[in-house]
Amino acid sequence: MSKELILPTIKKGGALAAVKGGTHKIATLDLSKKAGVIKALKDDASSIQEQMQQKYHGLDLMLVGDLTISMTPYHTLLKNKFHEISKTLFPLIPNLRIGIMFYLDHGYDNPYVTTICQPTNSLQEIKAFIDATHTGNGGDADEAVEDALNDLLHNVQWHEVHNRSVVLFGDAKCHRPEQCPDHYDFFEITKGLFNKQTTINTVYCGRDHIQNMNVVEIGDFNKPFYLSNDAEFFAWLANVTGGMAITVENVGDLLDIILTAAAKDGGKLEEFAKTVSREPQKLKLIEMAKKAETRLLTARKNMMLGYSK
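Residues numbered from 1 in each chain as written. Predicted model: local features only at pLDDT ≥ 70, side-chain atom pairs only at ≥ 80, totals over all residues. Heavy atoms only, no water.

## Things to note about the overall build of the protein chain
- Counting its regular elements, the protein chain contains nine helices and eight strands.
- The buried share of the protein chain, taken over its 309 residues, is 44%.
- A fraction of 76% describes how many contacts in the protein chain between residues 6 or more apart in sequence connect residues 24 or more apart.
- About 16500 Å² of surface is accessible on the protein chain, with carbon and sulfur atoms providing 52% of the total. (Helix = DSSP H or I, 4+ residues; strand = E, 2+ residues; numbered from the N terminus. Buried < 20%, exposed > 50% of the residue type's maximum accessible area, 1.4 Å probe, protein only. Contact = heavy atoms within 4.5 Å. Areas by Shrake-Rupley, 256 points an atom, 1.4 Å probe, with all protein chains shown as cover.)

Pasting the structure below:
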């Protein structure tokens, strides 16, 4: 018995195409359904791409700190508490890498202006870097924050598909471009970081409170920002990039701020919140992080920049 040959062909006007050399059953392909077929294929491709992104997606967290003499207690805190930071964050956030950058100021016989431990998942490497880095002199009122920002933009080896999160802590603003030996423009550098979807959370270690300062729109670089005082600089830097701006009440607060900011930018805030004790200060941090996360999600959606967790 001969087998029937099934051949695909195009159905046009309801007529079946004839096949030379014999009579066969012919399967038809309806072009009227082409759009649906193409959409299904695109949806499948998008689903596969999303699964791949979720599989490899992670967080690069850069801890950036002023290490002049006045900030010595915060350096000591990192030395003593980094194990606690890593013990909390690495199990919480998949594909997490942590980097460290310390900055001082230009001149004044300082051993460095900035020094960097690139993002890594090696706890030994990070801890050794923290322990080996020395504090230095601040000299004038401002510090080399602009150099640290420039390194974040140009010299940090960020992972291509990871979220980029920064926790920057200090007690003094940056220099204006004309006061910086390399004429780094903090405003343009911050704009570049924002365009690379880098979220900067700032921790002001001075006396003024910055939570109640005017909040600028995320990504609003249409008007220049003038360096009026330290607290306003830290507030602007966080607000314009979609991060949290917080004043520390005591040195120990830095630990909770780092953990909360990382959980937020790593897309694990809800999971982290379930592990936090119900102390008023910690609950306040979680609430601030939720508001900052919602604000950034909304802004990036409106600006069509995209945002993924």
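## Here's the deal with the packing of helix α7 (residues 253-265) against helix α9 (residues 280-302)
- Closest axis-to-axis distance for the α7/α9 pair is 10 Å, and the angle between their directions is 35°. Pair α7 / α9 crosses with right-handed handedness. Together, Asp253, Asp256, Ile257, Thr260 and Lys264 of α7 and Gln281, Lys282, Leu285, Ile286, Ala289, Ala292 and Glu293 of α9 make up the contact between the two elements.
- Tallied by class, the residues present in the contact of α7 with α9 amount to five nonpolar, two polar and five charged. (Axes fitted to C-alpha atoms, helices over the stretch in contact; angles between N-to-C directions. Left-handed = near helix turned anticlockwise from the far one by under 90°. Nonpolar A, V, L, I, M, F, W, Y, C, P; charged D, E, K, R; others polar.)

## Overview of the pairing of strand β7 (residues 198-204)
- Counting buried positions along β7 yields seven of seven residues, so the element is predominantly enclosed.
- As paired strands, strand β6 (residues 163-170) and β7 are joined by seven bridges and run parallel to one another. Bridge assignment links Val166 to a residue of β7, and that residue is Ile200.
- Following the chain from β6 across helix α5 (residues 186-195) to the adjacent parallel β7, one finds a crossover that is right-handed.
- Bridging between β7 and strand β8 (residues 245-247) involves three bridges; their strand directions are parallel. Directly across from Tyr204, in β8, lies its bridge partner Thr247. (Pairing = 2+ DSSP bridges. Right-handed = clockwise from strand over helix to strand, strands pointing away.)

## A word on the environment of Tyr184
- Relative to the assigned elements, Tyr184 resides in the loop between β6 and α5.
- A relative accessible area of 23% places Tyr184 in the partly exposed class.
- Between the C-alpha atoms of Tyr184 and Val145, which are 39 residues apart in sequence, the distance is 9.9 Å.
- At 3.4 Å, the side chain of Tyr184 and the side chain of Asn150 are in polar contact. (Polar contact = N/O pair within 3.5 Å; in protein donor to acceptor, adjacent residues only side chain to side chain.)

## Remarks on the side chain of Asp151
- Relative to the helices and strands, Asp151 resides in helix α4 (residues 145-154).
- There is no salt bridge for the buried Asp151, and the closest opposite charge comes from Arg164, which lies 13 Å off by N-O distance. (Lys, Arg positive; Asp, Glu negative; His and termini not counted. Salt bridge = Lys/Arg side-chain N within 4 Å of Asp/Glu carboxyl O.)

## Here's the deal with the nonpolar core
- Judged by nonpolar contacts, the single largest core of 45 residues is most densely connected at Leu61, Leu89, Ile100 and Phe169.
- If you list the elements that add at least two residues to this core, you get β3 (59-66), α2 (72-92), β4 (96-103), α3 (123-132), β6, α7, α8 (269-273) and α9.
- The leading source of residues in this core is α7, at eight residues.
- Non-local contacts of Ile100, meaning those with residues more than four positions away in its chain, are made with Met62, Leu63, Thr115, Ile116, Cys117, Ile126, Phe129 and Ile130. (Core = buried A, V, L, I, M, F, W, Y, C linked by side-chain atoms within 4.5 Å.)

## Focus on the side chain of Asp171
- By secondary structure assignment, the location of Asp171 is in the loop between β6 and α5.
- On the basis of relative accessible area, Asp171 is assigned to the buried category, the value being 18%.
- At 2.8 Å, the side chain of Asp171 and the side chain of Ser70 are in polar contact.
- The contacts of Asp171, once residues within four sequence positions are left out, are Asp66, Ser70, Met71, Tyr204, Cys205, Gly206, Asp230 and Phe234.

## Notes on the sheet that holds β4
- The sheet built from six strands is open, its strands ordered β5-β4-β3-β6-β7-β8 with mixed pairing. Each edge of the open sheet is held by one strand with a lone partner, namely β5 (114-120) and β8. On average, each strand axis in the sheet is tilted by 15° relative to the strand beside it, whichever way the strands run.
- Note: β4 against β5, five bridges, orientation antiparallel. Across the sheet, residue Phe102 finds its bridge partner in β5, namely Thr115.

## Examining the pattern of salt bridges
- Under the defined criterion, the tally for this structure stands at eight salt bridges.
- Across the pair Arg97 and Asp60 runs a salt bridge, and its minimum N-O distance is 2.8 Å. Taken together, the residues Arg97 in strand β4 and Asp60 in strand β3 connect sequence positions 37 residues apart. The residues Arg97 and Asp60 share a single accessibility class, namely buried.
- A salt bridge links Asp131 to Lys127, with the shortest nitrogen-to-oxygen separation between them at 2.8 Å.

## What about α9?
- If you check α9, its first and last C-alpha atoms are 33 Å apart, about what 23 residues at 1.5 Å a residue would give, namely 33 Å.
- Buried positions along α9 lie against β7, α6 (230-241), β8, α7 and α8. (Expected span 1.5 Å × (residues − 1).)

## Observations regarding the packing of aromatic side chains
- Scanning the entire structure with this criterion turns up 11 aromatic pairs.
- Relative to Phe225, the ring of Phe186 lies with its centre 6.4 Å away and its plane at 85°, an arrangement referred to as edge-to-face. Taken as a pair, Phe186 in helix α5 and Phe225 in the loop between β7 and α6 lie far apart in primary sequence, 39 residues in all. In this structure, Phe186 and Phe225 share a single accessibility class: buried.
- Each residue in the set Phe186, Phe187, Phe194, Tyr204, Phe221, Phe225, Phe233, Phe234 and Trp236 is aromatic and connected to the rest through ring pairs, giving one cluster. (Phe/Tyr/Trp six-rings, centres within 6.5 Å; stacked < 30°, edge-to-face > 60°.)

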